[in-house]
Amino acid sequence: MAAAGCGKRVVLWFRNDLRLHDNYIVHDAVQRVKRGEASEVLPVYCFDPRVYGTTPWGHFKTGAHRAAFLLECVTDLKSRLRDVGSDLLVAFGKPEEVLPGLLEGSSGPSLVLTAEEVTSEETRTDVAVARALKQQRRPQADAAAAAGGGSGSAKLLRFWGHTMYHIDDLTQPPEGGGKATFAPGMKDMPDVFTPFREKVEKRCPVWKDLPPPQKGDLPLPPTEALPAAAAAALAAAPPTWEQLPYPPAARPPPPTKHPKAVLDFKGGETAALARLRYYLWDSDLIASYFDTRNGMLGGDYSTKFAPWLAAGCISPRKIYHEIRKYEAQRQSNKSTYWVIFELIWRDYFRFFALKHGNRIFFETGTSGLPLVWNPDADLWHRWRDGRTGLPLVDANMRELAATGFMSNRGRQNLASYLVLDLGIDWRRGADYFESQLLDYDVTSNWGNWVAAAGLAGGRINHFNIAKQSKDYDPQGDYVRTWCPELRHVPVGKVHEPWLMSKEEQEKAGCRIGVDYPNPIPVSRHGRPHASSGGYA
Ligand SMILES: Cc1cc2nc3c(=O)[nH]c(=O)nc-3n(C[C@H](O)[C@H](O)[C@H](O)COP(=O)(O)OP(=O)(O)OC[C@H]3O[C@@H](n4cnc5c(N)ncnc54)[C@H](O)[C@@H]3O)c2cc1C
């Protein structure tokens, strides 16, 4: 039971926005405190058991790599909030069951502020939270509200903040008059990237990133005004692996850091800002991004911002303005622009999901094309476990399972191979990526997959895997890293080891069909799309 309080409380419900800089909910709460509309701010993160369950395809919805990364993100957020005199209440439960209780002891009109999501699982939770807040009875708040003729129930306010471009600039008429760039809900946005990019780049600004809060900007409710369980949760130590709400019988073991991982990804805003500093100012790597971005080995070939962007530890606007600053102070070239170009892809998939709703998850994609899939479970397992006999595919799948990360080049090839060569239902691959990726982002993942499957109305890239392997891993260093069976296979055969003669196999210590698998005869399974433009 909470002691009587008198504060007007704002609950900050953090989700995929685990940062203090450029965070609309944080900024809004600070402004409310400054204007005297709120006197208490309670930051909260919920580990929702639904997100730690099993998917319809039998994978952990949040695999161990990402779960460990998220634990670090939440721990870092708690520490950064403490630095400004606040704290983070970490709860284990469904938000609609946790959040209403946190408003007990607050007498004024209370608010829950959160980030706006676009996909159905997340928006369903929003609806459940809004309903639970409405149904909650808070006698003190009701009495105070009744005196003013209003209602005492708390409200959920959602803020757009995940993308570099703001939805308002895309769907509302410009201030000086004229037509909005796109219709409400993005209903008329093109289903191909280039015209979308050209329009937004021409017509829409990127808002300045918001400053982080200062010490004292987010006053916590007094402990005695909180329900006892909430006060205890607020004072608790950072969350641990054992507390993650996996089903008890199916808890995966915590992952170990892999020595071959491209980077020792550490979750949290602190590490994200350090990576931004490193990639731009400390190393100047950004100035050669265009030439290195198709690499697969090591930390430096691409920005590696994705895991932090997905958890919201860094904002795309922050990256954008830091790049513009770098361009003004150091150098500006195709590479520096190309990181921004890639961030527009990220925006594109979020707006694409807003436009198409649940169709990005449908078997027939957004194009509605009916297809027949190959149900062969053995083929699926060979793909998932990195035993297809195609070194590029196997190396990438093993890297993903061992580290939770994979290059963009790898992802493009794997998706093409699974769907267009093996003919396996694309949703199975997307679902596995959802489980495994450190940087899993619902709209980037499902959007890229539905596009790779050729079911999103855009160009279809059907890759010739052996050619891609030779083009992007000419010495075979990458495939040898993850397929040590191929260690002694000569460069000329390492991408197509089945072409080795018996003598060559003996010499390389790699017998095909024994030490390394025979390749899957894709011509028997593949069903390239009728409108496929052929091999890329
Ligand atoms: C089948 C498939 C699934 C994917 N799933 C995800 C996912 O769940 N989460 C995710 O963030 N990215 C996903 N991507 C996109 C891309 O592969 C990763 O963003 C990128 O490899 C991450 O590495 P990086 O941060 O070093 O990227 P960089 O090459 O350095 O790019 C900079 C940033 O631009 C954005 N970006 C780049 N390419 C894309 C793209 N094609 N789509 C959307 N954003 C992009 C990312 O935020 C990335 O961090 C997927 C791509 C494919 C083909």
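Where an unreviewed UniProt entry is consulted, the chain appears under the name Cryptochrome DASH, with the organism given as Volvox carteri f. nagariensis. For the chain, the Sequence similarities (unreviewed entry) comment in UniProt is given as "Belongs to the DNA photolyase class-1 family." Taken from UniProt, the Function (unreviewed entry) comment for the chain reads in full: "May have a photoreceptor function."

Describe in detail the overall build of the chain, supporting the description with residues and values.
Helix and strand counts for the chain stand at 23 helices and five strands. For a compact globule of 536 residues, the expected C-alpha radius of gyration is about 24 Å, and the chain comes in at 25 Å, within 12% of that figure. A principal-axis box enclosing the C-alpha atoms of the chain has dimensions of 90 × 55 × 50 Å. Taking all 536 residues of the chain together, the buried fraction comes to 46%. Considering only contacts within the chain whose residues lie at least 6 apart along the sequence, 77% involve residues at least 24 apart.

Describe the sheet that holds strand S4 (residues 111-115), with residues and values.
In space, the five strands of this open sheet follow the order S3-S2-S1-S4-S5, with parallel pairing throughout. This sheet does not close on itself; its edge strands, each paired only once, are strand S3 (89-92) and strand S5 (155-159). Here the average twist between neighbouring strands, direction ignored, is 30°. As paired elements, strand S1 (residues 9-14) and strand S2 (residues 40-47) share six bridges and run parallel to each other. Opposite phenylalanine 14, over in S2, you have tyrosine 45 as the bridge partner. Set on the sheet, helix H4 (residues 120-135) makes contact with S4 and S5; between it and S5 the angle comes to about 150°.

A description of the site of the ligand should follow, citing residues and the corresponding values.
Close to the ligand lie 29 residues; Ser302, Thr303, Ala306, Glu342 and Asn445 are nearest. Those elements that place two or more of their residues in the shell around the ligand are helix H11 (306-311), helix H13 (334-356), helix H16 (408-421) and helix H18 (442-452). With six residues, the top contributor of residues to the shell around the ligand is H13. Split by residue class, the shell around the ligand holds 14 nonpolar, eight polar and seven charged. Inspection of the shell around the ligand shows a minimum of three residues originating in each of domain 2 (165-205 + 269-361) and domain 3 (377-525).

Which residues make up the environment of proline 239, and what values go with them?
Tracing the chain through its elements places proline 239 in the loop between helix H8 (228-235) and helix H9 (269-282). A C-alpha to C-alpha distance of 9.6 Å links proline 239 and phenylalanine 92, two positions 147 residues apart in sequence. The residues contacting proline 239, other than those within four sequence positions of it, are Phe47, Leu71, Val74, Thr75 and Val90.

How would you summarise helix H1 (residues 24-35) if you had to cite specific residues and measurements?
Over its twelve residues, H1 extends 16 Å from the first C-alpha to the last, a length consistent with the 16 Å expected when each residue adds 1.5 Å. For H1, the set of buried residues is Tyr24, Ile25, Val26, His27, Ala29, Val30 and Val33. Buried residues along H1 sit against S1, S2, S4 and S5. Phi turns positive one or two residues past the end of H1, at glycine 36, with a value near 80°.

Run through the nonpolar core, naming residues and quoting values.
Counting 144 residues, the largest nonpolar core has Val11, Leu12, Ala29, Val44, Val112 and Val450 as its most contacted members. Top contributing element to this core by residue count: helix H2 (residues 64-83), with ten residues. Residues within four places of valine 11 in sequence aside, it is in contact with Leu42, Val44, Leu99, Leu102, Leu103 and Val112.

I'd like a description of the packing of H9 against helix H12 (residues 316-329), backed by residues and values.
The N-to-C vectors of H9 and H12 enclose an angle of 20°; their axes lie 11 Å apart at closest approach. On the basis of their axis angle, the class for H9 and H12 is roughly parallel. The two elements H9 and H12 cross, and the hand of that crossing is right-handed. Side by side, H9 and H12 meet where Leu276, Leu280 and Trp281 of the first sit next to Ile319, Glu322, Ile323 and Tyr326 of the second. Looking at the contact of H9 with H12, its residues break down into six nonpolar, no polar and one charged.

Before we move on, can you summarise the UniProt feature "binding site: FAD" (unreviewed entry) in the chain with the specific residues and values?
Following the UniProt record, one finds the feature "binding site: FAD" (unreviewed entry) at Tyr289, Asp439, Tyr440 and Asp441. Along the chain, the position of aspartate 439 falls in the loop between helix H17 (426-436) and H18. Judged by C-beta crowding, with 21 C-beta atoms within 10 Å, aspartate 439 ranks as buried. Non-local contacts of aspartate 439, meaning those with residues more than four positions away in its chain, are made with Ala306, Pro307 and Ala310. Within the element layout of this structure, tyrosine 440 appears in the loop between H17 and H18. Looking at tyrosine 440, the number of C-beta atoms within 10 Å reads 24, which means it is buried. Those residues within four positions of tyrosine 440 in sequence are excluded, and the remaining contacts are Arg66, Ala310, Phe433, Glu434 and Asn445.

Explain the pairing of S2 to me, and be specific about the residues and the numbers.
Here S2 lies mainly inside the structure; eight of its eight residues are buried. Judged by which residues are buried, S2 turns out to be covered on both faces: Glu40, Leu42, Val44 and Cys46 on one side and Val41, Pro43, Tyr45 and Phe47 on the other are all buried. Read as a crossover between parallel neighbours, the route from S1 over H1 to S2 is right-handed. In terms of strand pairing, S2 meets S3 through four bridges, oriented parallel. Residue pairing in the sheet places tyrosine 45 in a bridge with valine 90 of S3. After leaving S2, the chain enters H2 and then returns to the sheet as S3, a path that is right-handed.

Describe the environment of proline 490, and please don't skip the residues or the numbers.
Along the chain, proline 490 turns up in the loop between helix H20 (477-482) and helix H21 (491-494). Proline 490 gets classed as partly exposed once you count the C-beta atoms within 10 Å, which come to 13.

Which residues make up H4, and what are the values?
Compared with the 22 Å implied by 1.5 Å per residue over 16 residues, the 22 Å span of H4 between its first and last C-alpha is a close match. Those residues of H4 lying buried are Thr125, Asp126, Val129, Ala132 and Leu133. Projected down its long axis, H4 shows its buried positions confined to an angular sector of 135°, all on one face. Exposed side of H4, more than 90 degrees from the buried face: Val127 and Gln135 are the residues found there. Buried-residue contacts for H4 involve helix H3 (95-98), S4 and S5.

The rules we used
Residues numbered from 1 in each chain as written. Predicted model: local features only at pLDDT ≥ 70, side-chain atom pairs only at ≥ 80, totals over all residues. UniProt positions renumbered as here; feature names shortened; annotations may be inferred. Helix = DSSP H or I, 4+ residues; strand = E, 2+ residues; numbered from the N terminus. Rg over C-alpha atoms; globule rule 2.2 N^0.38 Å. Buried ≥ 20, exposed ≤ 12 C-beta atoms within 10 Å, placed from the backbone. Contact = placed C-beta atoms within 7 Å. Pairing = 2+ DSSP bridges. Axes fitted to C-alpha atoms, helices over the stretch in contact; angles between N-to-C directions. Near = placed C-beta within 6 Å. Nonpolar A, V, L, I, M, F, W, Y, C, P; charged D, E, K, R; others polar. Domains from an automatic or database assignment. Expected span 1.5 Å × (residues − 1). Core = buried A, V, L, I, M, F, W, Y, C linked by C-beta atoms within 7 Å. Parallel < 35°, antiparallel > 145°, perpendicular 65-115°, else oblique. Left-handed = near helix turned anticlockwise from the far one by under 90°. Right-handed = clockwise from strand over helix to strand, strands pointing away. Arc of directions from axis to C-beta.

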